[in-house]
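Coordinate analysis (summary)
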Amino acid sequence: MKLRIAIQKSGRLYEDSVQLLKECGIALRNVKDRLKTEADNFPLEVFFLRDDDIPQYVEDGVADIGIVGENVLYEKNKKAAIVEKLGFGKCRLSVAIPRSQQYEGIRSLEGKRIATSYPFLVNEFLAKNNVQAEIHEISGSVEIAPGIGLADVVADLVSSGSTLLMNGLKEVEVLLQSQAVLVRNNNLDAEQQKLLDKLVFRIRSVKKANNNKYILLNAPNDKVQEIISLLPGMKSPTVLPLAEAGWSSVHSVLSEDTFWDIIEQLKAAGAQGILVVPIEKMII
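Let me begin by describing the structure that accompanies this report. Source: prediction; values computed, not measured.

With that out of the way, let us pick up the nonpolar core. Residues Ile26, Leu44, Ile67 and Leu182 are the most contacted members of the largest nonpolar core, which totals 30 residues. Those elements that place two or more of their residues in this core are strand 1 (3-8), helix 1 (14-23), strand 3 (44-49), strand 4 (65-69), strand 11 (180-184) and helix 6 (190-210). Per-element accounting of this core gives the leading share, 6 residues, to helix 6. Residues in contact with Leu44, not counting those within four places in the same chain, are Leu3, Ile5, Leu21, Ile26, Thr37, Glu38 and Ala39.

So, in structure tokens, the structure goes:
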């Protein structure tokens, strides 16, 4: 029994998807220029596919699971259930208009020609807001459509916004916040589900590790209580006596989101010799 996973064969999610599997301890055989490979140390078969095809393969059961962007999953409207959001490949599907134009809300899109590679999602957005507009479906270089007279506005994926800026456009509406997700076929048997559970356990451990840092610091004993109040950790900080009398070593875990704010508070509270170490895996 093997679990079959579909990932991008190229594109913005390919490298992060392969890296995630490696961080989960899964050793893949040659992945360059391959359509299929197997793991050496986990019952996993990997298919390398076009991202647009992955939802269909998972729905049909050709692949048991897949890694795909939410934007593609929702645009294809296939029956594949999200198991886990993976935290990479973040972007947004947005409406953008020429910078020279004024935007006065969604009603400004009434009667406009909208160029997009995401007609299903754009149609849903327009219907939800009772806006009538003409959709022009194009497969690439959407951002040039207003400049060549093909459309009045665009609906396209945005990461940094630099491509819009280069083409004289400005972002005015966000239709969808997207990131890479792990999806599954809805009809996995008990053995397949057991393998999926093992994989998800590893993925969640890697994600927790990536989102946290291990911190060690020295603190005078009369400041220890104040310092540990700033360091909740997974349960509570570890406090060990140092060889030098009157001092202790405090060990804990900090979230990446609050890391720098808490470091400043620790220094203000008297912490010294602060060391920060990456966490490879985090099992809770």
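Here we take up helix 8 (residues 259-268). Regarding helix 8, the residues found buried are Phe259, Ile262, Ile263 and Leu266. The buried residues of helix 8 occupy an angular sector of 105° when the element is viewed end-on, so they sit on one face. Counted as exposed and oriented over 90 degrees from the buried face of helix 8: Trp260, Asp261, Glu264 and Ala268.

The way to describe two aromatic rings as a pair is by their centre distance and the angle between their planes. Inspection of every chain in the model, using the stated rule, returns 2 aromatic pairs. Their ring planes at 80° and their centres at 4.9 Å tell us that Phe259 and Trp260 sit as a pair that is edge-to-face. Judged by relative accessible area, Trp260 falls into the exposed class, the value being 59%.

Turning next to the side chain of Thr37. Here Thr37 shows up in strand 2 (residues 36-38). On the basis of relative accessibility, which here comes to 4%, the residue Thr37 falls in the buried class. If we skip the residues at most four places from it in the chain, Thr37 touches Arg29, Asn30, Val31, Leu44, Glu45, Val46 and Phe48.

Rules and cut-offs
- Residues numbered from 1 in each chain as written.
- Predicted model: local features only at pLDDT ≥ 70, side-chain atom pairs only at ≥ 80, totals over all residues.
- Heavy atoms only, no water.
- Core = buried A, V, L, I, M, F, W, Y, C linked by side-chain atoms within 4.5 Å.
- Buried < 20%, exposed > 50% of the residue type's maximum accessible area, 1.4 Å probe, protein only.
- Helix = DSSP H or I, 4+ residues; strand = E, 2+ residues; numbered from the N terminus.
- Contact = heavy atoms within 4.5 Å.
- Arc of directions from axis to C-beta.
- Phe/Tyr/Trp six-rings, centres within 6.5 Å; stacked < 30°, edge-to-face > 60°.

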